Amino acid sequence: MDLHHCPRCELRFRNTGELRQHFVTDHGGDAATFERFRYRAGPSTSSDVHTVLLVGNEALESDAVLDVAAARAGHGGRVVVVAPVGAGHAGAEAPVARWRLEAALDHLRAADCDAEGIVGDTDPFAAVTRAMGRQHVDEIGVSTLPDAASHWLGVDLPERLRRQTHRPVHVLPPVATG
């Protein structure tokens, strides 16, 4: 039986209707937003499906980063995108993270890649570990800005994830800041 996972908490539901009601009632979300993100049943725990978890913020806007993630997942693989809310003003940044997530999922799906995603915690480490608690992940891609502009590289996010998750962690091609 497929379980449907709430994108904002650890609760699981038997069907989409129950999840939608929870999302609207308990999280104050709106049903139109829920539908737009096309949350899928899952997660797949099959080791037959190679799953890449891609975490990114501004760098998710790069087609090159998304193409590398899809290539790493391979034919029949899956990409799970985690878009952390920016640390500045979490309330103001949430719509931006949702937009980036939706655009990334659209790009991956247009490339015939099985893709799903969540808007995560402001802390990318917490967002990734929470997402990994919900599904099997084979490797992690960290999509970040170039070295000088990257807070995530400054706090050594890739190495922290590698140590905590015991999964291969790749820093995907950085994109130039504009």
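The structure we're discussing is the one just above.
Residues numbered from 1 in each chain as written. Predicted model: local features only at pLDDT ≥ 70, side-chain atom pairs only at ≥ 80, totals over all residues. Heavy atoms only, no water.

Chemist: Is there a simple way to explain the nonpolar core in this structure?
Modeler: The tendency in soluble globular proteins is for nonpolar side chains to be buried side by side. Grouped together as the largest cluster of nonpolar side chains are 22 residues, with contacts concentrated most on Leu54, Leu60, Leu66, Val79, Val81, Leu101 and Leu108. Mapped by element, the contributors of at least two residues to this core are strand E3 (51–56), helix H3 (63–73), strand E4 (78–84), helix H4 (90–110) and strand E5 (114–120). At six residues, the largest contribution of residues to this core is made by H4. Among all residues touching Leu66, those that are not within four sequence positions of it are Leu54, Leu60, Ala104, His107 and Leu108. Membership of the second largest hydrophobic core comes to 16 residues, among which are Ile118, Ala127, Leu157 and Leu161. (Core = buried A, V, L, I, M, F, W, Y, C linked by side-chain atoms within 4.5 Å. Buried < 20%, exposed > 50% of the residue type's maximum accessible area, 1.4 Å probe, protein only. Helix = DSSP H or I, 4+ residues; strand = E, 2+ residues; numbered from the N terminus. Contact = heavy atoms within 4.5 Å.)

Chemist: Which parts of the structure should I look at to understand the pattern of salt bridges?
Modeler: Two side chains of opposite charge can pair, provided their charged atoms sit close to one another. A complete count under the given rule lists five salt bridges for this structure. The closest approach of N and O atoms between Glu139 and Arg72, which form a salt bridge, is 2.5 Å. Of this pair, Glu139 sits in strand E6 (residues 139–143) while Arg72 sits in helix H3; the two residues are 67 residues apart in sequence, bridging distant segments of the chain. In this structure Glu139 comes out as buried when scored by relative accessible area, which is 6%. Of the charged contacts, one joins Arg163 and Glu159 as a salt bridge, the two residues approaching to 4.0 Å between their closest N and O atoms. Pair noted here: Arg163 and Glu159 are both in helix H7 (residues 157–165), with a separation of four residues, about one helical turn. When salt bridges that share partners are traced, they join Glu159, Arg162 and Arg163 into one network. (Salt bridge = Lys/Arg side-chain N within 4 Å of Asp/Glu carboxyl O.)

Chemist: Even after reading the chapter, I still don't get the pairing of E3, so can you show me in this structure?
Modeler: Remark: a regular strand shows side chains that alternate across the two faces of the sheet. Of all six residues that make up E3, six are buried, and the element is covered over most of its length. Neither face of E3 is exposed, since Thr51, Leu53 and Val55 on one face and Val52, Leu54 and Gly56 on the opposite face are all buried. Sheet topology places E3 next to E4; five bridges connect them, and they run parallel. Bridging from a neighbouring strand, Leu54 pairs with Val81 of E4. (Pairing = 2+ DSSP bridges.)

Chemist: Looking at this model, I keep getting lost on unusual backbone geometry. Mind explaining?
Modeler: Trans peptide bonds make up the majority, and among non-glycine residues the majority have a negative phi. A positive phi is found at Asp112, a non-glycine position, where the angle reads about 65°. Residue placement: Asp112 occurs in the loop between H4 and E5. The phi angle at Asp156 is positive, at roughly 55°, despite the residue not being glycine. Residue position: Asp156 is located in the loop between helix H6 (151–154) and H7.

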